[in-house]
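# Architecture at a glance
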Amino acid sequence: MLTSKGIAKLQPKSKRYTVKIDKSLYLRVTSTGFKSFVFRYCSYGKVKDITLGTFPDMSPQLAIQAAHIKRQDLELKPSKGVTLSFIFSIWKRQKKGLKCFQSEKRRIKNHLILQLGKQEIDKFSIPQIYQYLLSFKNTPQTLRFLLMRFKEMMSIAVRFGYLKYNPFTELKFKDFVPNYKPKRRPSIPASKLSELFNELNIQKAPNWLRYYMLFCVYTLLRPKEASRVKRCFVVDDVLTLPESEMKEGNEHRIPLCPEVIRLLELVKAEAMLKVQKYNARLRKDQTKKRLGRFTWSFGHHLQPIGKQYMAKWIRGTSFCGKLCAHGFRSIGRDWLKDAGVAYEVCEDALSHVVGTQASRRYISTDYLKSRIPAMQKWWNYIYAAYCATCAPIPDLTT
């Protein structure tokens, strides 16, 4: 099949000529260099041509789909049209810059493309898609994701002219799971933080894990964001996570109370002890290579702690099934609300986007000054619960 580059290279001749592209589809090139796509068929012994569009306004793939639809309208022998795999390739080009692009691409490929990718998009029917997605009824979140992405790809097909309309716009998630109620992430009340910290004593946790636990509970960061914190993000008494490290793509600032700043100094000091040990056994170039990959060095071997480490640690405690790593944010959010902190301040502490699009245009602050006293009170509460059951960190308040 001729590609767009191949068609662009075709030169005009003294007489008009045609080049076959696909079944019943030809490219007509005039002596003046004008190029158009023509649908050619035979009717009652006569050959007829129907102009579908001009190049480069119409791409070869779009012309093939237009010829495919024209054969259906004329009730001719069917030809192969655009498949879901081709529309998926367009979706990938449009979504490549998203943070979650790799995970979404993998899920779509495993659940949609491998089963439905070879089917032509105009052959899909609502009963077929309904029955297929119904097989994911036991995993509602996956079902919701696949339904959204399938409808999104069909909308792309409409925008590019491969379909006249999207018949799946009225297909809703509630049609599959009418009585679905989203489950709240497992969490515990702030009053049980002492029991959580006591697990550190039971398991004889190393210092770096104690530091990391306090840091995660205080900052209310998502597990992935907490694992990406670097020293360069801390300036004076503010931790600033850039847009590239945040889920919503918005810069997030966290006021650090003096105790947390001291905590991070202890982390740095312990990391330097590890460096000295490695200097004795490794060449300098190897040491530099390892240091280039390490941030807070909560983990072993000068490696940054993984985003799933806290979740794995919780599963090995008595809080398995009662708390998740993301639940730390819920603990802090409930405590701030009970402490009388304003709603907007609480939501900014968690880096949530609230309000309508119009109202957000008039808000240019992240309530950092209002969050400073609130976060100090939150730390005082955390450390009080920590010291109640765990051995205090001697150098933390000095």
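Since we're looking at a predicted model, the values are computed, not measured.

## Structural notes on the sheet that holds strand β6 (residues 238-241)
Ordered by their spatial adjacency, 3 strands build an open sheet running β5-β6-β7, and the pairing between neighbours is antiparallel. With partners counted over all chains shown, the strands left at the sheet margins are β5 (234-235) and β7 (252-255), one partner each. Where β6 and β7 come together, 4 bridges link them in antiparallel fashion. Looking across to β7, one finds that T240 is bridged to R253. Helix α16 (residues 368-389) rests against β6 and β7 of the sheet, and its axis sits at about 40° to β7.

## Details of the side chain of T317
Secondary-structure assignment places T317 in the loop between α12 (309-315) and α13 (327-338). What makes T317 buried here is its relative accessible area of 10%. Among all residues touching T317, those that are not within four sequence positions of it are E199 and Q203.

## Some details on the nonpolar core
Residues F197, Y218, F328 and W378 are the most contacted members of the largest nonpolar core, which totals 58 residues. If you list the elements that add at least two residues to this core, you get α7 (193-202), α8 (207-219), β6, α10 (258-281), α12, α13, α14 (343-349) and α16. Broken down by element, the residue count for this core peaks at 10 residues, all from α8. Beyond its immediate chain neighbours, meaning those up to four positions away, F197 contacts M213, L214, V217, I382, A385, Y386, T389 and C390. In this structure, I21, W91, I108 and L147 belong to the second largest nonpolar core, which totals 49 residues.

## Points about the packing of α7 against α8
Packing of α7 against α8 leaves a shortest axis separation of 10 Å and a crossing angle of 160°. Overall, the two elements α7 and α8 adopt an arrangement that is roughly antiparallel. By crossing handedness, the relation of α7 to α8 is classed as right-handed. Across the interface between the two elements, L193, L196, F197, L200 and N201 from α7 touch L209, R210, M213, L214 and V217 from α8.

## Looking at the pairing of strand β3 (residues 35-43)
Burial analysis of β3 places 7 of its 9 residues in the buried class, which makes it a mostly covered element. Judged from the 5 bridges that link them, strand β2 (residues 25-29) and β3 form a sheet pairing that is antiparallel. Pairing of R28 across the sheet is with S36, part of β3. The pairing of β3 with strand β4 (residues 46-54) spans 8 bridges and is antiparallel. Note that in β4 the partner of F39 across the bridge is I50.

## A few points about the sheet that holds strand β1 (residues 17-22)
Consider a sheet: its strands pair through backbone hydrogen bonds, and that pairing is either parallel or antiparallel. If you trace the 4 strands from one edge of the open sheet to the other, you get β1-β2-β3-β4, paired in antiparallel fashion. Looking along the sheet, the strands with just one partner apiece sit at the ends: β1 and β4. Direction aside, neighbouring strands of the sheet carry axes that sit 35° apart on average.

Thresholds, definitions, all that
- Residues numbered from 1 in each chain as written.
- Predicted model: local features only at pLDDT ≥ 70, side-chain atom pairs only at ≥ 80, totals over all residues.
- Heavy atoms only, no water.
- Pairing = 2+ DSSP bridges.
- Helix = DSSP H or I, 4+ residues; strand = E, 2+ residues; numbered from the N terminus.
- Contact = heavy atoms within 4.5 Å.
- Axes fitted to C-alpha atoms, helices over the stretch in contact; angles between N-to-C directions.
- Buried < 20%, exposed > 50% of the residue type's maximum accessible area, 1.4 Å probe, protein only.
- Core = buried A, V, L, I, M, F, W, Y, C linked by side-chain atoms within 4.5 Å.
- Parallel < 35°, antiparallel > 145°, perpendicular 65-115°, else oblique.
- Left-handed = near helix turned anticlockwise from the far one by under 90°.

The values are spatial; any link to function lies outside them.
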